[in-house]
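These are the residues of each chain, in order.
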Amino acid sequence: MTENPTPETPEDDLALIAQIKAARRAEPELAVTESTPLPPPWLLQQFYQNEIDLGAELATRFPDSLLLSVGRFRSVGAKTQIGVAKLATPDNMATLLIETDATTHAVQFTFAYSSVYALRFRMDTLSDLDRARWLDLMRRPQGGLAFLWSQSRWADDYIICAVRNGFAHLYAFSRFGYEAAIRLAPDVTKNLLDWLEAYWKPVQPKKSSSEKPPQLDW
């Protein structure tokens, strides 16, 4: 059974679906220029055209992703206010390092294995709405898909999450073509979302010291 885009997902955009279909029809005739929009990946084309269950397809492509069940959270620097979350397997063989800036709210995900190599995915164009929507979708009791991407979507790095029974299956895609996948234990997922929410709160504008308090007429 295929998974249809629903009003609960951020992808139920008729204009976007029409754009994908048009891009697919015109794909053989596209010339590679700076002004040419990047066509969507085949996987997303099939998802929007209701041809595949995206969560099931990703699970098939990454059947043995490691489970990260240990989470540590800290801040680095007093002025820069960079938050660092290290999620790991119990033996510390595989890790996911998530770093976010409390001021700009930019975030990057670094997947590492055995301290030998790492893949980094950076998202620094997310809006407050993009971040808040992703957090809400990740917390749905029934689970489901949640996309963490900006208006540029697949033109930049992005994350697809599939939450099932409290476990979060996290798939990262780079605009340079490499991919990574892991699983998060339910308690690690909850702690991560709460931690990110604290760092991603919109910055409230400071009141000018020259502003006079309003007069009260009794």
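Higher on the page you've got the structure.
Residues numbered from 1 in each chain as written. Predicted model: local features only at pLDDT ≥ 70, side-chain atom pairs only at ≥ 80, totals over all residues. Heavy atoms only, no water.

So, the packing of aromatic side chains
Under the criterion given, the structure shown has 13 aromatic pairs. Ring centres of Phe62 and Tyr171 lie 5.6 Å apart, and the angle between their planes is 45 degrees; this geometry places the pair in the tilted category. Of this pair, Phe62 sits in the loop between α3 (54-61) and β1 (67-68) while Tyr171 sits in strand β9 (residues 167-173), placing them 109 residues apart in sequence. For Tyr171, a relative accessible area of 1% corresponds to the buried category. Through successive ring pairs, a cluster of aromatic residues spans Phe47, Tyr48, Phe147, Trp149, Trp154, Tyr158 and Phe173. (Phe/Tyr/Trp six-rings, centres within 6.5 Å; stacked < 30°, edge-to-face > 60°. Helix = DSSP H or I, 4+ residues; strand = E, 2+ residues; numbered from the N terminus. Buried < 20%, exposed > 50% of the residue type's maximum accessible area, 1.4 Å probe, protein only.)

What about the sheet that holds strand β3 (residues 82-88)?
Here five strands make up an open sheet; going across it, the order is β2-β3-β4-β5-β6 and the pairing antiparallel. The sheet is open, and its two edges are formed by β2 (70-76) and β6 (117-123), each paired on a single side. Between one strand axis and the next, the sheet turns through 15 degrees on average, direction left out of account. Note that strand β4 (residues 94-101) and strand β5 (residues 107-113) share seven bridges and pair antiparallel. Paired with Glu99 across the two strands is Gln108, which belongs to β5. (Pairing = 2+ DSSP bridges. Axes fitted to C-alpha atoms, helices over the stretch in contact; angles between N-to-C directions.)

Regarding the pairing of strand β8 (residues 158-164)
Counting buried residues along β8, six of its seven residues qualify, which places the element largely inside the surrounding structure. Across five bridges, the pairing between strand β7 (residues 144-148) and β8 is antiparallel. Paired with Gly144 across the strands is Val163, a residue of β8. Strand direction decides the pairing type here: β8 and β9, joined by seven bridges, are antiparallel. Opposite Cys161, over in β9, you have Leu170 as the bridge partner. Hairpin connection from β8 to β9: two residues lie between these consecutive antiparallel strands, with Asn165 at a positive phi of about 55 degrees.

Things to note about the nonpolar core
Judged by nonpolar contacts, the single largest core of 36 residues is most densely connected at Leu96, Ile98, Phe109, Phe111 and Trp134. With six residues, helix α5 (residues 186-199) is the single largest residue contributor to this core. Apart from residues lying up to four places away in sequence, Phe109 is in contact with Leu96, Leu97, Ile98, Leu119, Arg120, Phe121, Met123, Leu148, Ile159 and Leu170. Phe47, Ile52, Leu54 and Phe173 belong to the second-largest nonpolar core, a separate cluster that totals 17 residues. (Core = buried A, V, L, I, M, F, W, Y, C linked by side-chain atoms within 4.5 Å. Contact = heavy atoms within 4.5 Å.)

Some words on α3
Taken together, the buried positions of α3 are occupied by Leu54, Gly55 and Leu58. In a view along the axis of α3, the buried residues occupy a sector of 100 degrees, so they form one face of it. Those residues of α3 that are buried are in contact with α2 (42-48), β7, β8 and β9. One side-chain oxygen of the residue at the start of α3 lies 3.2 Å from the amide nitrogen of Gly55, identifying that residue as Asp53. (Arc of directions from axis to C-beta. Polar contact = N/O pair within 3.5 Å; in protein donor to acceptor, adjacent residues only side chain to side chain.)

A closer look at the environment of Leu87
Summarising the element assignment, Leu87 is placed in strand β3. Residues Leu87 and Ile98, eleven residues apart in the sequence, show an inter-C-alpha distance of 8.1 Å. Excluding anything up to four places from it in sequence, Leu87 contacts Leu68, Val70, Gly71, Phe73, Ala94, Thr95, Leu96, Ile98, Leu184, Val188 and Leu192.

Quick look at helix α4 (residues 128-138)
All buried positions along α4 are accounted for by Asp130, Arg131, Trp134, Leu135, Leu137 and Met138. Axial view of α4: buried residues confined to an arc of 165 degrees, hence all on one face. Among the structural elements, β7, β8, β9 and α5 are those in contact with the buried residues of α4.

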